[in-house]
Amino acid sequence: MIYSNYSFTIPQEKQVRVIIDTDAKNEADDQYAIVQALLSPKLDNVGFIAARYGCLEDSVDRSYAELEKIFDLMGLKKEDMLYHGAQSALRDEFTPEISEGAEFIIKEALKEDERPLFVLFLGGITDLASAYLMEPKIAKRLTAVWIGGGPYPLGGNEFNLWNDINAANVVFASPIELWQIPQNVYKQAAVTLAELEYRVRPQGEIGKYLFEQLDEFNQCEGVRKMDYFTGERYILGDSPAVGVLLYGDSASYEWRQAPRIASDMTYVHHGVSRPIRVYDQIDHRLLLEDFYCKLALFAQNGVSRNERDNM
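So, how was this worked out
Residues numbered from 1 in each chain as written. Predicted model: local features only at pLDDT ≥ 70, side-chain atom pairs only at ≥ 80, totals over all residues. Heavy atoms only, no water. Buried < 20%, exposed > 50% of the residue type's maximum accessible area, 1.4 Å probe, protein only. Helix = DSSP H or I, 4+ residues; strand = E, 2+ residues; numbered from the N terminus. Pairing = 2+ DSSP bridges. Right-handed = clockwise from strand over helix to strand, strands pointing away. Axes fitted to C-alpha atoms, helices over the stretch in contact; angles between N-to-C directions. Parallel < 35°, antiparallel > 145°, perpendicular 65-115°, else oblique. Contact = heavy atoms within 4.5 Å. Nonpolar A, V, L, I, M, F, W, Y, C, P; charged D, E, K, R; others polar.

Participant: Hey, could you run me through helix α1 (residues 30–38) in this one?
Facilitator: Since one α-helical turn is 3.6 residues long, residues separated by three or four positions face the same way. Most of α1 is tucked away: 9 of the 9 residues are buried. Within the span of α1, buried status applies to D30, Q31, Y32, A33, I34, V35, Q36, A37 and L38.

Laid out in structure tokens, this is it:
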């Protein structure tokens, strides 16, 4: 699925295939990253996987329903685009959790297509670890971009990593090319609520929904007590995964030896593993302005019937 209702065009050789694995109903920021990906013509969005989060038994179904809602509000075709991810975390580092999502990752990775495949993980990384354990051949046929893990060099408590430490260790020990955007970096994507009300809320049904669902989330008692919520600011922490694909040269990173993750989510640096790309800086203003402009253009131009039928 490539949205192309713009006056500008993207050269075909610059396009990449993208799968997004998202715990879409966990907080209120995944939705922004999903919409930006859907509106970016460089990205051929081939599928979205609903991921589990926390201890809720129906979290995958909640994420799936949220994906359906976003597609419906945007008037986009969702048939053959949405998949259910794993229902639970890995029990160990050897046994996969088989799911539609993991099987779809394998299918797309093994497909004959010259365009590179990127799989973006906006929550836990269970579905990638499972796919790799099911079919190790995928390791050289995709790049994983993960929003997760604590700051380097120490690591520490971080929600996406907490969702499945075993899965993170499987991926870190594998030969899969991994781009990690740790907690201290994804927190750079800060916005104010006034900014979102002015730039997002007026932009059609999807803009109104994006703003209102975030405002509603901020009223939850548990959220109000969290350090990252200061009252007038929010972190769009999943959007950097999309940003590094669109304009990666505006972000900086280091190549680090992949650590092992301890049970307390700290990094154990043994110095004998493969290198991974770890981001340390993003241009969050470029990221946000790109999103605001695409959203406004979408509200202005919409999706033509012909384009919707051919997406």
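Participant: So what exactly am I meant to see when it comes to the pairing of strand β1 (residues 16–22) here?
Facilitator: The side chains of a regular strand alternate between both faces of the sheet. Here β1 lies mainly inside the structure; 7 of its 7 residues are buried. Both faces of β1 are covered, namely the face carrying V16, V18, I20 and T22 and the face carrying R17, I19 and D21. Inspection of the sheet shows β1 paired to strand β2 (residues 43–50) by 7 bridges, in the parallel sense. Within β2, the position partnered with D21 by the bridge is I49. For the handedness criterion, the β-α-β arrangement of β1, α1 and β2 is classed as right-handed. Examined bridge by bridge, β1 and strand β4 (residues 117–121) share 5 bridges and lie parallel to one another. Across the sheet, residue D21 finds its bridge partner in β4, namely F121.

Participant: Explain the packing of α1 against helix α11 (residues 239–246) to me, please; I cannot follow it from the model alone.
Facilitator: Each pair of packed helices gets described by two things: the angle between the helix axes and the distance between those axes. Following both chains from N to C, one finds α1 and α11 inclined at 25°, their axes separated by 8 Å at the closest point. On the basis of their axis angle, the class for α1 and α11 is roughly parallel. Facing Y32, A33, Q36 and A37 of α1, the residues of α11 in contact are S239, V242 and L246. By residue class, the composition of the contact of α1 with α11 is 5 nonpolar, 2 polar and no charged.

Participant: I tried to follow helix α3 (residues 100–109) on my own but got confused; where do I start?
Facilitator: Of all 10 residues making up α3, 7 are buried, and the element is well covered by its neighbours. In the core, the buried residues of α3 are packed alongside β1, β2, β3 (82–84), β4 and α4 (126–134).

Participant: Help me understand the sheet that holds strand β9 (residues 252–257), please; the structure alone is not making it clear to me.
Facilitator: Two strands in a sheet stick together by hydrogen bonds in their backbones, pointing the same way (parallel) or opposite ways (antiparallel). Reading across the sheet, the 8 strands line up as β3-β2-β1-β4-β5-β6-β12-β9 and stay open at both edges, with mixed pairing between neighbours. For this open sheet the edge positions go to β3 and β9, each flanked by a neighbour on one side alone. Across the sheet, the mean angle from the axis of one strand to that of its neighbour is 25°, orientation sign disregarded. Contacts from helix α6 (residues 165–173) reach β5 (143–147), β6 (177–181) and β12 (275–281), with the element oriented near 130° to β6.

Participant: Is there a simple way to think about the environment of P11 in this case?
Facilitator: Structurally, the position occupied by P11 is in the segment before β1. For the pair P11 and K42, spaced 31 residues apart in sequence, the C-alpha separation works out to 8.3 Å.

Participant: How should I be thinking about the pairing of β2 in this particular structure?
Facilitator: Burial runs high along β2: 8 of the 8 residues are buried. As defined by bridge partners, β2 adjoins β3 across 3 bridges and the pair is classed as parallel. The residue bridging I49 from the neighbouring strand is Y83, located in β3. Taken together, β2, helix α2 (residues 59–74) and β3 constitute a β-α-β crossover, and its handedness is right-handed.

Participant: In this structure, what is going on with unusual backbone geometry? I would like to understand it.
Facilitator: Most of the time, phi is negative for any residue but glycine, and the peptide bond is trans. Cis peptide bonds are those with omega within 30 degrees of zero, and the linkage from Y152 to P153 qualifies with 10°. Here P153 shows up in the loop between β5 and α5 (159–162). Positive phi outside glycine occurs at D80, with the angle close to 60°. Structurally, D80 can be placed in the loop between α2 and β3. When its relative accessible area of 68% is taken as the criterion, D80 is described as exposed. Positive phi values are uncommon outside glycine, yet M265 reaches one of about 70°.

Interpretation in functional terms is not warranted from these geometric data alone.
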